Amino acid sequence: MTNIAEASHHLGEPGELTDPALMPNLDVAVERLERACIEGETVAVFGDFDVDGITATTILTEALNDLGARALPYIPDRFSEGYGPNPGAVRWLHAQGAGVLVTADCGTSAVAEVELANEIGMDVIIIDHHTVPDALPDALALVNPKVTDSQYGSEPAACGVAHKVAHDLYKRRGRTYDPAEHRALVALGTVCDLAPLVGENRDLVRIGLDALARSQRPGLRALAAAAKVELADADPDLCGWQLGPRINAAGRMDHARTALDLLLTDSEAEAASLAGRLDALNRQRRQDTLDALELADELLTPEQREAPLVMLASESISRGIVGLVAARLVERFHRPAIAMQLHEQPDAAGGSTLVAHGSCRSIPAFDITALLRRNGDLFERFGGHRAAAGFSLDAARLPEARERLVADAGEHLTPDDLTPTVDIEAELPLHEVNSELLRWLHRLGPHGQGNRVPTFLARGVRIEAPRAVGADASHLQFTLRAGRVTWRAIAFGNAEHAVPDGDLADIVYRFRRDGMRGTLQLEVLDLRATE
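Residues numbered from 1 in each chain as written. Predicted model: local features only at pLDDT ≥ 70, side-chain atom pairs only at ≥ 80, totals over all residues. Heavy atoms only, no water.

Q: Mind showing me how you'd approach the packing of helix H6 (residues 158–173) against helix H7 (residues 180–192) here?
A: What describes two packed helices is the angle between their axes and the distance between those same axes. Axis separation between H6 and H7 bottoms out at 8 Å; the angle between their running directions is 155°. Comparing the axis directions of H6 and H7 gives the class roughly antiparallel. Facing H6, whose interface residues are Cys159, Gly160 and His163, H7 presents His182, Arg183, Leu185, Val186, Gly189 and Thr190. (Axes fitted to C-alpha atoms, helices over the stretch in contact; angles between N-to-C directions. Helix = DSSP H or I, 4+ residues; strand = E, 2+ residues; numbered from the N terminus. Parallel < 35°, antiparallel > 145°, perpendicular 65-115°, else oblique. Contact = heavy atoms within 4.5 Å.)

Following this line, the structure appears as structure tokens:
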């Protein structure tokens, strides 16, 4: 914040959201969808298999059905179809009577698929937020806040864009729209997609978390029950660590249609059954991720671990979890990472080709999609945004890809970029923390990408009763004492750096609500024993 007005707005209640008229091509999309509602047309809604895609698809499906159209939601199979529209799905949806194809959280790069849809007589509306490539599909409307020369001013996730479309569609139809349940989905999708929580996005999440806390949607209530959390405690952590992973588990381990059905159902019994299924898939997803990381320890050479870009490829890593593995590699090595599944894919000649399906994650200093774009000739297809991306690649070109991508990353990253650091807002001794300070800090939230949780330093804090916790005993739990003040604390992944009971340490920490107890605790990001 650089002036009183900005600070007052940031600390105050959510204000007016951005004028929908500034969203590129929103008016064209809404006009066509209004006609579909009036005439009762079948509208295919083609979503992505992550939380943002599932929530965006839910919003559009419910709005279209309510306003007179016949929505036909479709989520592709991650393993047999991959990301985004594909020719087979486009033809199948057309055969089911769909004259309009709406994409949700995909489609900005689908040049050939949109051309096919146009050829067979479908109007295509793209609702997306991914990086805009040089060659754009010839859609009737490309509704994406990242379109060149966009005046929108913020970057909502696809669920936020879908909500804008639904809102204006109700307005054009002259129908009353209660947005609460859709706002709850927008908060969930925005947080889980790591959209920057600044400007309008922060307000969408603030409004949406309130709606999520009061949601009566059977699927969300059942999912919270399966996760053993309360929707009344809705915050970014509950979205990102409890609800989101279970929704994502469907597409990673089986088929994302299970998650979509969960959000769309009106039946509490069906919701409970589907939520249980997602919870079981999430447990399997966790175990598979741990197994893949053990494999990474075996496969990565010391030289590969020190390279400016870490790359891992194996037939034993499922395509459903390559993104999670890449993210964990980034955390472990503090450099961009790519994890790939190798598998045989049928080819046109009746044989098969070994293909690498990769997922990329990055550090703040490096635009991973720009890396793929600079080396675009390597890939059969690719797409994403600054922090995360995906691609498919003929495995025969893997050695070439490794050499080129690592060299490219080395040209764009400095040693400082690859050195892990913790930025600290201020030195804040624990005895100075009081309820008034905590209330003010709370008003800076909700926190997430682009609006991180404030981080502090406290010196000479006494460590008491340290113990390793967690399924793999990798976390450190202890009590902190500064004079008469004590705090419960957790240090994730820091069990190996335990300080002996009774010793003093300097700590870097932030405040975190304990989801199990509902109380405030300290999350210690780093600690160092003192003399």
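Read on for the rest.
Q: Even after reading the chapter, I still don't get the layout of surface pockets, so can you show me in this structure?
A: Picture a little ball the size of a water molecule; that probe, rolled over the atoms, points out where space is still empty. Considered as a void within the structure, the second largest pocket measures approximately 150 Å³ in volume. What lines the second largest pocket is simply Val422, Ile424, Leu457, Arg459, Asp506, Ile507, Val508, Asp526, Leu527 and Arg528. Along the lines of polarity and charge, the residues of the lining of the second largest pocket split into 6 nonpolar, no polar and 4 charged. (1 Å grid on protein atoms, 1.4 Å probe; cavity = no way out; pocket = protein on both sides within 12 Å on 5 of 7 lines; lining within 4 Å. Points joined across faces, edges and corners; volume = space filled by probe spheres on them. Nonpolar A, V, L, I, M, F, W, Y, C, P; charged D, E, K, R; others polar.)

Q: Would you mind showing me how to read the pattern of salt bridges here?
A: Side chains that differ in charge, positive against negative, can pair when their charged atoms come close. What the rule picks out here adds up to 30 salt bridges. Linking Asp423 and Arg452 is a salt bridge whose minimum nitrogen-to-oxygen distance equals 3.9 Å. Separated by 29 residues along the polypeptide, Asp423 in the loop between helix H16 (398–412) and strand S11 (426–427) and Arg452 in the loop between helix H17 (435–442) and strand S12 (456–469) bring together distant segments of the chain. You can call Asp423 partly exposed: its relative accessible area is 47%. Through salt bridges with shared partners, a single ionic network connects Asp237, Arg510, Arg512 and Glu523. (Salt bridge = Lys/Arg side-chain N within 4 Å of Asp/Glu carboxyl O. Buried < 20%, exposed > 50% of the residue type's maximum accessible area, 1.4 Å probe, protein only.)

Q: For this particular structure, what's the right way to read the packing of helix H4 (residues 87–95) against helix H5 (residues 111–119)?
A: Look at H4 against H5: their axes get within 9 Å of each other, and the N-to-C directions meet at 25°. Taken as axis vectors, H4 and H5 run roughly parallel relative to one another. Classified by chirality, the crossing of H5 by H4 is right-handed. Contact residues: Pro87, Val90 and Arg91 in H4; Glu113, Leu116 and Ala117 in H5. (Left-handed = near helix turned anticlockwise from the far one by under 90°.)

So far we have only geometry, and geometry alone does not tell us how the molecule works.
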